[in-house]
Amino acid sequence: MRLKTLLVELNPAEPDREAISTAAESLRNGGLVAFPTETVYGLGADALNPEAVRRIFVAKGRPLDNPIIVHVGGPDDLKALTDDVPAEAARLMGQFWPGPLTLIFRKSGQLPREVTGGQDTVAVRMPRNTIALALVRALGRPIAAPSANLSGRPSPTTAGHVLHDMGGRIDIILDGGPVEVGIESTVLDLSQHPPVILRPGAVTREDLKPFIGAAVTAAGIASARRSPGTRYRHYSPRARVSLVEDGDRETMVRLAASHAGKGRRVGLLTRGPCHLQGDAKVIVRSMPQDLRGYARQMFASMRELDELGVDEMIIEGVEEQGMGAAIMDRLRRAASR
Ligand code: TXA
Ligand code: MG
């Protein structure tokens, strides 16, 4: 079924109340509303309405066993979702909420199985974007929201990206401009001991250390305990991605020349000047040196090169500290087919 998707521009500093209440009304009626969060745009449905949540899976083409993060207006909203809030959760929420940290608890209550993918846990976060918070509060119920991209594609960091992937499939897009962080939240599983970082994100391992010690990362544990979402192909542009992990210039130039020699159109994402700049067969995009800047621009640059029709994308890796861990996680997934 093709819907008429309504695109509504909002001032993120002071979102128009009427627009927010129209969007909340749509959610109340089982509609799908995309909205900005500080990380990436989310595709929201009323988390307590199983039919609405099922529509998310259809719109995104998402595998049904991949659970969805529930967005709340504050720590008090947890009461309806879990009875088991460990002591470290209170400290983590005090420090990082609202913000890009998703916490996984043992679930309780009447959450539809579609939200949790049939697991006995629920992932929850309190976003800090004013539009996202206003929407959850206007609905008065938690909002289930994955990233608002077609499943497997780079996450959307502007309303334009959402329209590109979701136009005709969802009811409303709230446009709050480009997002602040550009990479998804950190997912921390507090239902196991010691806690496990299932997905590195904007809140770094170093940030978490004072609260949970040297957290285990998902890469170090058996696959059964990993986040279901990590099994699927992710963040991939249409073009084939080669990740040059150590950022070696000569390797990148050699790869680009070899692809171009075979008549392939090449896009290059580098972190500084590159002497292929000016070569008509290679499109070069220079990414910011600082990791936060890199993260903010990463998905948008992949989408831009796709739109320009490149066949091959060569991407320069970053150092794996701080935000760099999350960036490299996404780049490795984008490069694996
Ligand atoms: O920043 C974000 O987290 C964005 C914004 C919209 O909030 N959302 C987002 O959602 O990235 P999504 O669906 O693209 O990624 C959610 C990740 C998936 O890897 C999923 O498997 C995992 O969280 N997840 C959700 N519920 C889980 C659970 N109960 N147990 C383990 N992993 C879970
Ligand atoms: Mg996603």
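Coordinates for the structure precede this section.
Residues numbered from 1 in each chain as written. Chains lettered and ligands numbered in written order. Predicted model: local features only at pLDDT ≥ 70, side-chain atom pairs only at ≥ 80, totals over all residues. Heavy atoms only, no water.

## A closer look at the packing of helix 6 (residues 159-166) against helix 9 (residues 291-307)
For the record, the criterion: Fitted lines through C-alpha atoms serve as axes, helices being fitted only where they are in contact, and the angles separating the N-to-C directions of these axes extend from 0 to 180 degrees. Secondary structure elements follow DSSP: runs of H or I of four or more residues count as helices, runs of E of two or more count as strands, with numbering from the N terminus. Reported orientations rely on four angle classes, namely roughly parallel under 35 degrees, roughly antiparallel over 145, roughly perpendicular from 65 to 115, and oblique for the rest. Less than a right angle of anticlockwise turn of the near helix away from the far helix marks a crossing as left-handed, whereas a clockwise turn marks it as right-handed. Any two residues whose heavy atoms approach within 4.5 Å are treated as being in contact.
Viewed as axis vectors pointing N to C, helix 6 and helix 9 meet at an angle of 50°, and their least axial separation amounts to 11 Å. Considering the angle they form, helix 6 stands oblique to helix 9. Viewed along their axes, helix 6 and helix 9 form a crossing whose handedness is left-handed. Residues H161, H164 and D165 of helix 6 pack against A300, R303 and E307 of helix 9.

## Things to note about the pattern of salt bridges
Rules: Any carboxyl oxygen of Asp or Glu that lies within 4 Å of a side-chain nitrogen of Lys or Arg is treated as forming a salt bridge with it.
One pass over the structure, following the stated rule, counts 21 salt bridges. R238 is paired through a salt bridge with E307; the nearest N and O atoms lie 3.7 Å apart. Taken together, the residues R238 in the loop between strand 11 (216-217) and strand 12 (240-244) and E307 in helix 9 connect sequence positions 69 residues apart. The partner of E245 in a salt bridge is R332, and the shortest N-O contact between them spans 2.9 Å. Linking E245 in the loop between strand 12 and helix 8 (249-261) with R332 in helix 10 (residues 324-335), this pair joins segments that are 87 residues apart in sequence. Several salt bridges converge on common partners, so that one network encompasses E184, D329, R330 and R333.

## As for the environment of L190
Residue placement: L190 occurs in the loop between strand 9 (186-189) and strand 10 (196-199). Through-space distance from the C-alpha of L190 to that of L32 is 29 Å; in sequence the pair is 158 residues apart. Discounting residues that sit within four places of it in the chain, L190 has contacts with P86, E88, A89, L92, L103, I104, F105 and P195.

## A short note on the packing of aromatic side chains
Defined as follows: Two aromatic rings, drawn from Phe, Tyr or Trp (for Trp, its six-membered ring), form a pair once their centres lie within 6.5 Å of each other, and the interplanar angle then sorts them: stacked below 30 degrees, edge-to-face above 60, tilted otherwise.
Tallied over the entire structure, the rule returns two aromatic pairs. Seen from their ring centres, F96 and F211 are 5.4 Å apart, and the 65° between their planes marks the pair as edge-to-face. In this pair, F96 is assigned in helix 3 (residues 87-96) and F211 in helix 7 (residues 205-212), connecting sequence segments 115 residues apart.

## Regarding the pairing of strand 15 (residues 312-316)
The following threshold applies: Working definition: with a 1.4 Å probe on protein chains only, accessible area under 20% of the residue-type maximum means buried, over 50% means exposed, and in between means partly exposed. Strand pairing requires that DSSP identify at least two bridges connecting the strands.
A large share of strand 15 lies buried, amounting to five of its five residues. For strand 13 (residues 266-270) and strand 15, the ladder comprises four bridges, and the chain directions are parallel. By the bridge assignment for strand 15, L268 is matched with I314.

## A closer look at the side chain of T270
Relative to the assigned elements, T270 resides in strand 13. T270 sits in the buried class, given a relative accessible area of 0%. Those residues in contact with T270, other than ones at most four positions away along the chain, are R249, M252, V284, R285, S286, M287 and E316.

## Notes on the nonpolar core
Let me state the cut-off plainly: To form a nonpolar core, buried Ala, Val, Leu, Ile, Met, Phe, Trp, Tyr and Cys residues must be joined to one another through side-chain atoms within 4.5 Å.
Counting 44 residues, the largest nonpolar core has L43, L92, L101, L103 and I170 as its most contacted members. Looking at this core, the elements with two or more residues in it are strand 3 (41-46), helix 2 (50-60), helix 3, strand 5 (101-106), strand 6 (121-125), helix 6 and helix 7. Counting residues per element, this core draws most heavily on helix 2, which supplies five residues.

## Quick notes on the sheet that holds strand 12
What the four strands build is an open sheet, ordered 12-15-13-14; its pairing is parallel. Of all the strands in the sheet, just strand 12 and strand 14 (282-286) have a single pairing partner and so form its edges. Between one strand and the next, the sheet's axes are offset by a mean angle of 20°, whatever the strand orientation. Here strand 13 pairs with strand 14 via five bridges, running parallel. Along strand 14, the bridge assignment pairs G267 with I283. Sitting on the sheet, helix 9 touches strand 13, strand 14 and strand 15, and the angle it makes with strand 15 is about 165°.

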